[in-house]
Amino acid sequence: MKMKAVAKSKPGPGLQLIEADVPKPGPGEVLIKVKYASICGSDVHLYKWDEFAQTSLRKLPRIIGHESAGEVVELGPGVKGLKVGDYVGVETHIACGHCYQCRIGKPHVCQNLEILGFNRDGAFAEYMVIPAENAWKIPDSIPKDWVPLMEPMGNAVHTVLAGDITGKNVLVVGTGPIGAMAVAVAKAAGARRVIATDINDFRLRIAKKMGADIVLNPEIDDVRTVVMEETGGNGVDVVIEMSGNPNALNQGLSLITNGGWVGLLGIYGKNRIDVPMNDIIMKNLTLYGIVGRKMYETWAITTALLESGKIDLSPLITHRVKLEEYEEAFNVIFQGRAMKVMFEIDPS
Ligand code: NAD
Ligand code: ZN
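One structure accompanies this document, and this report is about it. Bear in mind that the values here come from a model prediction, so they are computed numbers and not experimental data.

## Concerning the coordination of the zinc ion (ligand 2)
Phase 1: Coordination of the zinc ion (ligand 2) by the protein involves Cys-96 (SG), Cys-99 (SG), Cys-102 (SG) and Cys-110 (SG), with metal-donor separations of 2.3 to 2.5 Å.
Phase 2: Bound by four donor atoms, the zinc ion (ligand 2) shows angles of 103 to 117° at the metal and therefore tetrahedral coordination geometry.
Phase 3: Each donor residue of the zinc ion (ligand 2) lies on the same chain, and together they follow the pattern C-x2-C-x2-C-x7-C.
Phase 4: You can call Cys-96 partly exposed: its relative accessible area is 24%.

## Some thoughts on a nonpolar patch on the surface
Phase 1: Residues Met-277, Ile-281 and Met-282 make up a contiguous nonpolar surface patch of roughly 370 Å² in combined accessible area.
Phase 2: With respect to the helices and strands, the residue Met-282 is situated in helix 9 (residues 277-282).
Phase 3: Owing to a relative accessible area of 70%, Met-282 belongs among the exposed residues under this scheme.

## Description of the packing of aromatic side chains
Phase 1: As enumerated under the stated definition, the model contains seven aromatic pairs in all.
Phase 2: Considering the side-chain rings of Tyr-47 and Phe-330, the 4.8 Å spacing of their centres and the 25° angle between planes classify their relative orientation as stacked. With Tyr-47 in helix 1 (residues 41-48) and Phe-330 in helix 11 (residues 326-334), the pair connects residues that are 283 residues apart, well separated along the chain.
Phase 3: The buried category is assigned to Tyr-47, whose relative accessible area is 12%.
Phase 4: With relative accessibility at 0%, the residue Phe-330 sits in the buried group.
Phase 5: Consider the rings of Tyr-47 and Phe-334, whose centres lie 5.3 Å apart with planes at 65°: the pair is edge-to-face. Taken as a pair, Tyr-47 in helix 1 and Phe-334 in helix 11 lie far apart in primary sequence, 287 residues in all.
Phase 6: A network of ring pairs unites the aromatic residues Tyr-47, Phe-330 and Phe-334 as a single cluster.
Phase 7: Its guanidinium or amino end placed over the ring of Tyr-87, Lys-144 lies 4.9 Å from that ring's centre, counting from NZ or CZ.

Thresholds applied
- Residues numbered from 1 in each chain as written.
- Chains lettered and ligands numbered in written order.
- Predicted model: local features only at pLDDT ≥ 70, side-chain atom pairs only at ≥ 80, totals over all residues.
- Heavy atoms only, no water.
- Donors = N, O, S within 2.8 Å, 3.2 Å for Na, K, Ca; no water.
- Tetrahedral: all angles 85-135°; square planar, octahedral: opposite > 155°, others 65-115°.
- Buried < 20%, exposed > 50% of the residue type's maximum accessible area, 1.4 Å probe, protein only.
- Patch = residues over 30% accessible without salt bridge, like charges linked within 9 Å, V, L, I, M, F, W, Y side chains within 5 Å.
- Areas by Shrake-Rupley, 256 points an atom, 1.4 Å probe, with all protein chains shown as cover.
- Salt bridge = Lys/Arg side-chain N within 4 Å of Asp/Glu carboxyl O.
- Helix = DSSP H or I, 4+ residues; strand = E, 2+ residues; numbered from the N terminus.
- Phe/Tyr/Trp six-rings, centres within 6.5 Å; stacked < 30°, edge-to-face > 60°.
- Lys NZ or Arg CZ within 6 Å of the ring centre and 35° of its normal.

What follows is the structure, encoded as structure tokens:
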């Protein structure tokens, strides 16, 4: 049987709509009929074929995409705990199960991590095969088209819940999709005030809808004055860095109160950036580097937060497209007027 898919089939910028064989699930794997899949920032790198893309996509052709949801339609040999017809979200990180970290319960930092849509064919397709353990069953109460967003939301949950958040003043730096979700998670977890910054006003408006108490554009607003006014002159307790911009990180570090903590999820264009090391020490700050989602504790919390009804993800889905419209899909992202673009592959 054949299926449609969006793939990087040759080196260079752009993607191609291809016809591929529907994959067969091997032992321990399941075949998913993909219903919805959203575009992640890393897919944009793959489209552009920049240095990151060239070093991460080793084998072509490759069906890309990973933020996804769908229905289990076939079980490979030996699969337990799932059945045909289950609606599942998809964990993108595939852990080896036998390295030191996997053995001590930290598979999110597996030494042999594989990534769906990079090392294996991914989700911008009518069907995909994933390890059964990467399928996370979704209760009916969660809207089906929110489920692809649970993967990046898991990044936000992992970051915001890395330290104490209840009753704290929080600054979320960068309100892309993950920063905007971090705003909502911080509010749901009982933060006192959530202030969010971005240089994109379209995105700031969505961050406001996601529950930010105050949104600020550092290119226009006096962020320091507002933060100090809102925090009784102390500065924020927590900085959640979601921009990947070194200047934004430094702004956050300058606005944090002594003894505060910083959640670092944003990835910087270069590995070495300039930060005021002595301030970090003398302010007694705690810095958490965050990667991925705890497997599968973060998924359980993300599911519970959505089931609680405290978080509404619908403001994030700004565009809905078919697989064939992938060029338009990436173009709206390049124009900076999108939050999440959703492929409706087989919408229910
Ligand atoms: P994104 O690039 O869509 O959002 C980043 C936002 O930061 C943008 O809206 C941008 O306008 C804003 N920004 C840029 N400069 C700023 C400044 N000076 N002040 C305030 N805001 C500024 O990214 P995303 O998909 O929301 O992801 C957030 C970050 O997390 C990215 O850096 C991404 O690479 C990274 N990420 C890390 C992991 C991980 O496991 N560590 C996983 C996924 C994504
Ligand atoms: Zn491992």
